[in-house]
Amino acid sequence: MATDNLTAVLHGIEDLRLEQRPVPEIADDEVLLAMDSVGICGSDVHYLAHGRIGDFVLTKPMIIGHEAAGVVAKLGKNVTTLQVGDRVAIEPGVPCRYCDHCKQGRYNLCADMVFCATPPYDGNLTRYYKHAADFCFKLPDHVSMEEGALLEPLSVGVHACRRAGVGLGSKVLILGAGPIGLVTLLAAQAMGASEILITDLVQQRLDVAKELGATHTLLLQRDQSAEETVKVVHQTMSEVPDKSIDCCGAESSARLAIFATRSGGVVVIVGMGAPEIKLPLINALAREIDIRGVFRYCNDYSAALALVASGKVNVKRLVTHHYDITETAEAFETSRRGTGGAIKVMIHVQPRDANNKVKF
Ligand code: NAD
Ligand code: ZN
């Protein structure tokens, strides 16, 4: 049995350490995973810098990382759906399965959700990690481990587009072209949107969005008012957007989303910014704009996997940097500074491509 279980543990603000942890013991419905690829998410960086996100506060050391894929190393005795050696994407949140939300299929709202690297629960930037078998998604041979890890953010994009009701011919406005805005763009395209305008404050991010197929990109200035910008959005798109999806969390962006959306349309808020912001609510209600929240994803992993496996969505362009787990500190530095146009920084727990069946 392996003894090296090098693990990235967040002890407090600006205190991320690599240390040895015992290899976990698995329960009957769990699998032990030899971790392969773990992407860094904005929330990981936020916990490192601030020690909290809203009500989730780091009060004890926590293993970081939740955008991940690994290889099944051991099966719990009830597990029949996976085999040792299977390459899997890990859906990082495991709900209670018993509450009303779980039973109604909205398990992302479960109050007892155990979610990787959301305090107090450990994440999976570690060599060996255990997880509920039914929240592991077996990857076909032609899907890489990195793509498996990227199913996590892609599932957020799929969920956001499903909440927005994106479909054939939708005209979509996406605010923010960070990793989440970009996966939302990819999901919206795959779900049939005919026109997508995406905004950002950074031209480099918009260049990537254009490369990924955005119909229009719009560079915004920080002090630009929603009222001014909405005119440009409407002039640029062939029709007023019927779905707007905020993927940055700025007040100005949520305001723009409401003003820019056609009457009877939908505004979806994915971005998490200040807990309270000022919104043009009368404008929204008088035009019957539905404002909907998004919390992670729910039954979206299999669709995300199908999109990648079928070639309908290519997430590879999102990964700009690669590091070994021993270089975790540098990886986080690159991610938080956005060095070298960083979008998604991938940490490799095993040598890159070691577990891939075909050469990528
Ligand atoms: P990110 O910070 O990497 O990207 C945000 C992008 O928005 C950046 O490119 C930034 O330049 C741009 N931006 C900032 N202000 C803007 C404005 N006013 N108008 C247009 N663009 C603007 O973050 P990310 O990883 O892409 O995540 C995006 C947001 O989604 C974050 O707030 C994150 O917390 C949130 N998020 C929410 C969920 C959820 O379940 N609801 C899940 C994942 C991430
Ligand atoms: Zn539940």
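What you see is a predicted model, and the numbers here were worked out from it, not measured in a lab.

1. Here's the deal with the environment of methionine 145
Take methionine 145: it is sitting in helix α3 (residues 145–164). Exposure remark for methionine 145: the relative accessible area of 2% places this residue in the buried category. Sequence separation of methionine 145 and alanine 69 is 76 residues, and the distance between their C-alpha atoms is 5.9 Å.

2. Here we look at the domain arrangement of the protein chain
Splitting the protein chain by domain gives domain 1 (6–150 + 315–348) and domain 2 (157–293). Distance from the C-alpha centre of domain 1 to the C-alpha centre of domain 2: 28 Å. Listed per partner, the contact involves 9 residues of domain 1 and 11 residues of domain 2. Contact between domain 1 and domain 2 buries roughly 810 Å² in total, counting both sides, with carbon and sulfur atoms accounting for 66%. Of all residues in domain 1, Arg317, Leu318 and Ile343 bury the most surface against domain 2, accounting for 59% of the area lost on that side.

3. Thoughts on the pairing of strand β3 (residues 30–39)
Among the 10 residues in β3, 10 count as buried, and that is most of the element. The pairing of β3 with strand β11 (residues 128–132) spans 5 bridges and is classified as antiparallel. Its bridge partner being in β11, valine 31 is matched across the sheet by histidine 131. In this sheet, strand β20 (residues 344–348) lies alongside β3 in antiparallel orientation, the contact comprising 3 bridges. The partner of valine 38 across the bridge, within β20, is isoleucine 347.

4. Points about the site of ligand 1
In the vicinity of ligand 1, 21 residues are found, and the nearest of them are Ile180, Asp200, Met272, Val294 and Arg296. Proline 179 is positioned such that a nitrogen or oxygen atom in its backbone is 3.2 Å from an oxygen atom of ligand 1. One of the side-chain nitrogen or oxygen atoms of serine 252 is found 3.4 Å away from a nitrogen atom of ligand 1. Relative to its unbound accessible surface of 860 Å², ligand 1 loses 77% to contact with the protein. Contributing elements (two or more residues each) for the shell around ligand 1: α4 (179–190) and β14 (195–200). Considered class by class, the residues forming the shell around ligand 1 number 13 nonpolar, 5 polar and 3 charged.

5. Topic: the packing of aromatic side chains
Inspection of every chain in the model, using the stated rule, returns 4 aromatic pairs. Arranged with centres 5.7 Å apart and planes meeting at 85 degrees, the rings of tyrosine 107 and phenylalanine 135 form a pair that is edge-to-face. Note that tyrosine 107 is positioned in the loop between α2 (100–103) and β10 (114–115) and phenylalanine 135 in the loop between β11 and β12 (136–138), a separation of 28 residues in sequence. Looking at tyrosine 107, the relative accessible area reads 7%, which means it is buried. Residue classification places phenylalanine 135 among the buried positions, given a relative accessible area of 9%. Taking the centre distance of 6.5 Å and the plane angle of 40 degrees together, the rings of phenylalanine 115 and tyrosine 297 count as tilted. Taken together, the residues span a long stretch of sequence, with phenylalanine 115 in strand β10 and tyrosine 297 in the loop between β18 (290–293) and α9 (301–309) at a distance of 182 residues. This pair shows no difference in class: phenylalanine 115 is buried, exactly as tyrosine 297 is. Just above the ring of phenylalanine 115 sits the side chain of arginine 296; from NZ or CZ to the centre is 3.6 Å.

6. Quick look at the coordination of the zinc ion (ligand 2)
Coordination of the zinc ion (ligand 2) by the protein is provided by Cys96 (SG), Cys99 (SG), Cys102 (SG) and Cys110 (SG), with metal-donor distances spanning 2.3 to 2.4 Å. Coordination geometry of the zinc ion (ligand 2): the 4 donor atoms subtend angles of 105 to 117 degrees at the metal centre, consistent with an arrangement described as tetrahedral. Sequence spacing among the residues donating to the zinc ion (ligand 2) works out to C-x2-C-x2-C-x7-C. Note on cysteine 102: relative accessible area 12%, which makes it buried.

7. Regarding helix α5 (residues 203–211)
Taken residue by residue, α5 has Leu206, Val208 and Ala209 as its buried positions. For α5, the buried positions fall inside an angular range of 155 degrees around the axis, keeping them on one side. Each element contacted by the buried residues of α5 is listed here: α4, β14 and β15 (216–219). Of the residues one or two after α5, glycine 213 is the one with positive phi, at around 110 degrees.

8. As for the packing of α3 against α4
Packing of α3 against α4 brings their axes to within 8 Å, and their N-to-C directions diverge by 60 degrees. Between α3 and α4, the crossing angle belongs to the class labelled oblique. The interaxial crossing formed by α3 with α4 has right-handed handedness. Here α3 contributes Pro153, Leu154, Val156, Gly157, Val158, Ala160 and Cys161 to the contact with α4, which in turn contributes Ile180, Val183, Thr184, Ala187 and Ala188. For the contact of α3 with α4, a count of residues per class yields 10 nonpolar, 2 polar and no charged.

Reading guide: rules and limits
- Residues numbered from 1 in each chain as written.
- Chains lettered and ligands numbered in written order.
- Predicted model: local features only at pLDDT ≥ 70, side-chain atom pairs only at ≥ 80, totals over all residues.
- Heavy atoms only, no water.
- Helix = DSSP H or I, 4+ residues; strand = E, 2+ residues; numbered from the N terminus.
- Buried < 20%, exposed > 50% of the residue type's maximum accessible area, 1.4 Å probe, protein only.
- Domains from an automatic or database assignment.
- Contact = heavy atoms within 4.5 Å.
- Buried area = accessible area lost by both parts, 1.4 Å probe.
- Pairing = 2+ DSSP bridges.
- Near = heavy atom within 4 Å.
- Polar contact = N/O pair within 3.5 Å; in protein donor to acceptor, adjacent residues only side chain to side chain.
- Areas by Shrake-Rupley, 256 points an atom, 1.4 Å probe, with all protein chains shown as cover.
- Nonpolar A, V, L, I, M, F, W, Y, C, P; charged D, E, K, R; others polar.
- Phe/Tyr/Trp six-rings, centres within 6.5 Å; stacked < 30°, edge-to-face > 60°.
- Lys NZ or Arg CZ within 6 Å of the ring centre and 35° of its normal.
- Donors = N, O, S within 2.8 Å, 3.2 Å for Na, K, Ca; no water.
- Tetrahedral: all angles 85-135°; square planar, octahedral: opposite > 155°, others 65-115°.
- Arc of directions from axis to C-beta.
- Axes fitted to C-alpha atoms, helices over the stretch in contact; angles between N-to-C directions.
- Parallel < 35°, antiparallel > 145°, perpendicular 65-115°, else oblique.
- Left-handed = near helix turned anticlockwise from the far one by under 90°.

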